[in-house]
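# Notes for the structure review
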Amino acid sequence: PNCHNLIDNNKLINKYTKEILKKYKQEHEKRIYYITSLDSKHKTSIIRLSQNIRGDNVAISDEEIRKAVLTCANRYPSNGSIEFDLNSLPKIMNKSDWLTAKNKIDEVVNYSINPQIESKSIQHVSVFGLACIPILIYLGSCLSDKIPLDIYQKHRDGEEGWLWKTNKNKIKFRIKKLQDGNKHNKVSIIFSVSGKIEIRDLPQKAIKNSFVYEILPDKNIPNRSLLISKEDQMSFRSEYQKLLRMVERKHKNAKKVNIFPAIPLSVAIICGRELMKDISPALRVYDVDKKKYKFIMEVKKI
């Protein structure tokens, strides 16, 4: 009744014309028709991980998720999402805090996600992560490769949304060897995607006598807004897989690899998920602490 009273007001007749009202009706009918045309094959289970960043609690809204999966993947969220709420962790984390984060992720994966995958109640997953890079890499290593999965990216281009865009100038990546080591079991990898990491800034103890490789954009300058399309993300994934297979082949005795990541959030999840159980070396993840790179955690596919 309130809407009718508003529209039937003679003073607003020029604002709510017959043409405008028909347009509203057609848009609404079109939206409902589209939503109801999606069958159960288009359902996706939402994984949402959030952690306070620089002391501020962060959240990923249901509306942001609904809009992203519908627009980008023609899917709709199943009832309820699987939550990893790490906002209680302190701004400055110590060794115990990182372990707490890993334990919380293990608990949800082992007691909620994996059983639902085994029972086939989860058949597709959409992942939204807003947290520190090491935590997202660890999350990726825990996610099963038994089901299809979409990883969404929080964009930093002004809109601050999760929608993939169209990129006419598709990003390609390449692998570059920066240093020859004298021990084939010592390998370090620099990820210069969202920023450029210089080898001179790395802890010399970590890279001494080590082969050092870098994965970086082929022609673009590394920056925070580099990956804007799904194709860009897949381009990185393809080159990263190539890098892993090369390390596994050329450095068979390298059980662990040091990594120094400057990467977008979705790429961090990919770095963990693409590891192969009993084949890929463990990742020794470093992160910047007080302007210096510090070892944070070891990530291995289990």
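Now for a look at the structure at hand. (Residues numbered from 1 in each chain as written. Predicted model: local features only at pLDDT ≥ 70, side-chain atom pairs only at ≥ 80, totals over all residues. Heavy atoms only, no water.)

This next bit is on the sheet that holds strand E1 (residues 43-50). Note on sheets: strands pair through backbone hydrogen bonds, and any given pair is parallel or antiparallel. The sheet built from four strands is open, its strands ordered E2-E1-E3-E4 with parallel pairing. One side of each edge strand has no neighbouring strand; the edge strands of this open sheet are strand E2 (76-85) and strand E4 (149-152). Here the average twist between neighbouring strands, direction ignored, is 20°. Of the strand pairs in this sheet, E1 and E2 are connected by seven bridges, and their pairing is parallel. Within the sheet, the bridge partner assigned to Leu-49 lies in E2 and is Phe-84. (Pairing = 2+ DSSP bridges. Helix = DSSP H or I, 4+ residues; strand = E, 2+ residues; numbered from the N terminus. Axes fitted to C-alpha atoms, helices over the stretch in contact; angles between N-to-C directions.)

Moving on: the pattern of salt bridges. Summed over all chains, the structure comprises 16 salt bridges. Taking the shortest distance from any N to any O, the salt bridge between Lys-196 and Glu-214 comes out at 2.9 Å. Of this pair, Lys-196 sits in the loop between strand E6 (187-192) and helix H6 (204-207) while Glu-214 sits in strand E7 (residues 211-217), and the two are 18 residues apart along the sequence. With a relative accessible area of 1%, Glu-214 lands in the buried category. (Salt bridge = Lys/Arg side-chain N within 4 Å of Asp/Glu carboxyl O. Buried < 20%, exposed > 50% of the residue type's maximum accessible area, 1.4 Å probe, protein only.)

Interhelical geometry of helix H4 (residues 95-118) versus helix H5 (residues 133-142) gives an angle of 30° and a closest axis separation of 10 Å. The angle between H4 and H5 places the two elements in the roughly parallel class. Note that H4 runs across H5; the crossing there is right-handed. Counted together, Trp-98, Ala-101, Lys-102, Ile-105, Asp-106 and Val-109 of H4 and Pro-134, Ile-135, Tyr-138, Leu-139 and Cys-142 of H5 form the full contact between these two elements. For the contact of H4 with H5, a count of residues per class yields nine nonpolar, no polar and two charged. (Parallel < 35°, antiparallel > 145°, perpendicular 65-115°, else oblique. Left-handed = near helix turned anticlockwise from the far one by under 90°. Contact = heavy atoms within 4.5 Å. Nonpolar A, V, L, I, M, F, W, Y, C, P; charged D, E, K, R; others polar.)

Here we come to the environment of Lys-294. One can find Lys-294 in strand E10 (residues 292-299). Judged by its relative accessible area of 42%, Lys-294 falls in the partly exposed class. Counting along the chain gives 34 residues from Lys-294 to Phe-260, while the straight-line C-alpha distance between them is 9.5 Å. In contact with Lys-294, not counting residues within four places along its chain, are Val-285, Tyr-286, Asp-287 and Asp-289.

Let us look at the packing of aromatic side chains. A full pass over the atoms with the stated rule returns nine aromatic pairs. Aromatic pair Phe-236 and Tyr-240: ring centres 5.8 Å apart, planes at 10°, arrangement stacked. One end of the pair, Phe-236, and the other, Tyr-240, are both in helix H7 (residues 230-250), four residues apart, so they sit about a helical turn from each other. Using a relative accessible area of 0% as the deciding quantity, one classes Phe-236 as buried. Measuring from ring centre to ring centre gives 5.7 Å for Phe-260 and Tyr-293, while their planes differ by 90°; the resulting arrangement is edge-to-face. Residue Phe-260 is located in strand E8 (residues 256-262), and its partner Tyr-293 is located in strand E10; the two are separated by 33 residues in the primary sequence. Pair check on accessibility: Phe-260 and Tyr-293 agree, each one buried. Through a chain of ring-to-ring contacts, the aromatic side chains of Phe-173, Phe-191, Phe-236 and Tyr-240 assemble into a single cluster. One cation-aromatic arrangement involves Arg-284 over Phe-295; the distance from NZ or CZ to the ring centre is 4.1 Å. (Phe/Tyr/Trp six-rings, centres within 6.5 Å; stacked < 30°, edge-to-face > 60°. Lys NZ or Arg CZ within 6 Å of the ring centre and 35° of its normal.)

Next up on the list: the side chain of Glu-248. Take Glu-248: it is sitting in helix H7. Here Ser-280 takes part through its side chain, which lies 2.7 Å from a polar atom of the side chain of Glu-248. Every residue in contact with Glu-248, bar those within four places of it in the chain, is listed here: Ile-279, Ser-280 and Pro-281. (Polar contact = N/O pair within 3.5 Å; in protein donor to acceptor, adjacent residues only side chain to side chain.)

Here Asn-74, not a glycine, exhibits a phi torsion of approximately 55°, which is positive. Within the element layout of this structure, Asn-74 appears in the loop between helix H3 (62-73) and E2. Located in the positive-phi region is Asp-278, a residue other than glycine, with phi close to 65°. For Asp-278, the position within the fold is in the loop between helix H8 (265-273) and strand E9 (282-289).

Applying the stated rule across the entire model yields one cavity of 30 Å³ or more. Size it by volume and the largest cavity reaches roughly 50 Å³. Taken together, the residues of the lining of the largest cavity sort by class into two nonpolar, three polar and four charged. (1 Å grid on protein atoms, 1.4 Å probe; cavity = no way out; pocket = protein on both sides within 12 Å on 5 of 7 lines; lining within 4 Å. Points joined across faces, edges and corners; volume = space filled by probe spheres on them.)

Right, let's talk about the sheet that holds E7 for a bit. Taking strand neighbours across the sheet as the criterion, the six strands line up as E5-E7-E6-E8-E9-E10 in an open arrangement whose pairing is mixed. This sheet does not close on itself; its edge strands, each paired only once, are strand E5 (173-179) and E10. Shown here is a sheet whose adjacent strand axes are inclined to one another by a mean of 25°, direction ignored. Of the pairings in the sheet, the one linking E5 to E7 comprises six bridges and is antiparallel in character. Within E7, the residue paired with Arg-174 across the bridge is Leu-216.

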